[in-house]
Amino acid sequence: MEQVLKYFSDFTPRQLEQFRLLEPLYREWNEKINVVSRKDIDSLYEKHVLHSLAIAAVAELPDGYQVVDLGTGGGFPGIPLAIFFPEVKFHLVDSIGKKLKVVEAVAEGLGLQNVTVQHTRVEDIKNRKFDLVVSRAVAPLKDLWRWSKPLVKKAAGGPTGLICLKGGDLAAEISESGVRPKMVPIYKMFPEEFFQEKYVVAVQ
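An account of the accompanying structure is given in this report. (Residues numbered from 1 in each chain as written. Predicted model: local features only at pLDDT ≥ 70, side-chain atom pairs only at ≥ 80, totals over all residues. Heavy atoms only, no water.)

Examining the overall build of the chain
Inference 1: Looking only at helices and strands, one finds 8 helices and 7 strands in the chain.
Inference 2: Taking 204 residues into account, the globule formula puts the C-alpha radius of gyration at 17 Å, and the chain, at 16 Å, falls close to it.
Inference 3: When its C-alpha atoms are laid out on the principal axes, the chain stretches across 40 × 40 × 30 Å.
Inference 4: Across the 204 residues that make up the chain, the buried fraction comes to 52%.
Inference 5: Taking contacts inside the chain between residues at least 6 apart in sequence as the whole, the part at least 24 apart equals 69%.
Inference 6: Within the structure as shown, the chain displays about 9,900 Å² of accessible surface, and the carbon and sulfur contribution to it stands at 48%.
Inference 7: The centroid of the 27 positive side-chain charges in the chain is displaced by 6 Å from the centroid of its 26 negative side-chain charges. (Helix = DSSP H or I, 4+ residues; strand = E, 2+ residues; numbered from the N terminus. Rg over C-alpha atoms; globule rule 2.2 N^0.38 Å. Buried < 20%, exposed > 50% of the residue type's maximum accessible area, 1.4 Å probe, protein only. Contact = heavy atoms within 4.5 Å. Areas by Shrake-Rupley, 256 points an atom, 1.4 Å probe, with all protein chains shown as cover. Lys, Arg positive; Asp, Glu negative; His and termini not counted. Charge placed at Lys NZ, Arg CZ, Asp CG, Glu CD.)

Here we look at the layout of surface pockets
Inference 1: A volume near 360 Å³ is recorded for the largest pocket.
Inference 2: Lining of the largest pocket is provided by 20 residues; of these, Gly71, Thr72, Gly73, Asp94 and Val138 occupy positions nearest its centre.
Inference 3: Its residues assigned to classes, the lining of the largest pocket shows 8 nonpolar, 7 polar and 5 charged.
Inference 4: Gln15, Glu60, Phe84, Phe85 and Pro86 are the residues nearest the centre of the second largest pocket, which is lined by 13 residues in total.
Inference 5: Here the residues of the lining of the second largest pocket are counted per class, giving 7 nonpolar, 2 polar and 4 charged. (1 Å grid on protein atoms, 1.4 Å probe; cavity = no way out; pocket = protein on both sides within 12 Å on 5 of 7 lines; lining within 4 Å. Points joined across faces, edges and corners; volume = space filled by probe spheres on them. Nonpolar A, V, L, I, M, F, W, Y, C, P; charged D, E, K, R; others polar.)

Quick look at the pattern of salt bridges
Inference 1: Tallying each qualifying case throughout the model produces 10 salt bridges.
Inference 2: The closest approach of N and O atoms between lysine 32 and glutamate 28, which form a salt bridge, is 3.7 Å. Here lysine 32 pairs with glutamate 28, and both are found in helix H2 (residues 13-32), just 4 residues apart, close to one helical turn.
Inference 3: For lysine 32, a relative accessible area of 53% translates into the label exposed.
Inference 4: Assessed through its relative accessible area of 43%, glutamate 28 is described here as partly exposed.
Inference 5: In this structure, the salt-bridge partner of lysine 153 is aspartate 131, at a minimum N-O distance of 3.9 Å. (Salt bridge = Lys/Arg side-chain N within 4 Å of Asp/Glu carboxyl O.)

Written out as structure tokens, the structure is:
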């Protein structure tokens, strides 16, 4: 928890309590359904929560925004972002149903009213548009952008397109994608060893 408070401080008491509850909730559910690796659960706040909030550090999401989290897995980056932006609606999507069971339980345990989940493949989301797509390292950039484009409406007053969390040498991946993303090194915002060679990648 202190890793989050080291870089963000402007939270309401409710938000602070929700962030505090993340660890016991994930520990409890991880015993039943493994969504966070055993070695990572001890550094949940750095490797999952703070990592997710790198998106919040680069993008201000207006109230009323609708955001879809593609391949949310155990709820990252969607759940931490939903705590951070309580007036933004987050739709968390994954093709693995048992992971979403954990996501639903965590959201309920936190009292999050701005989170919905859907068990589906991203390609099968029809007749629904969002202001922004977020994702964390679930697929190559060219695929993420191909899936994202049909889902994004032209948003007014805030970031639009795709914002994803990526790591490593992305040169080949970016070249294959055919897009020119904006890249922000997370290490510059959060100078912790874990964030070296990790980036927030935005495509509009």
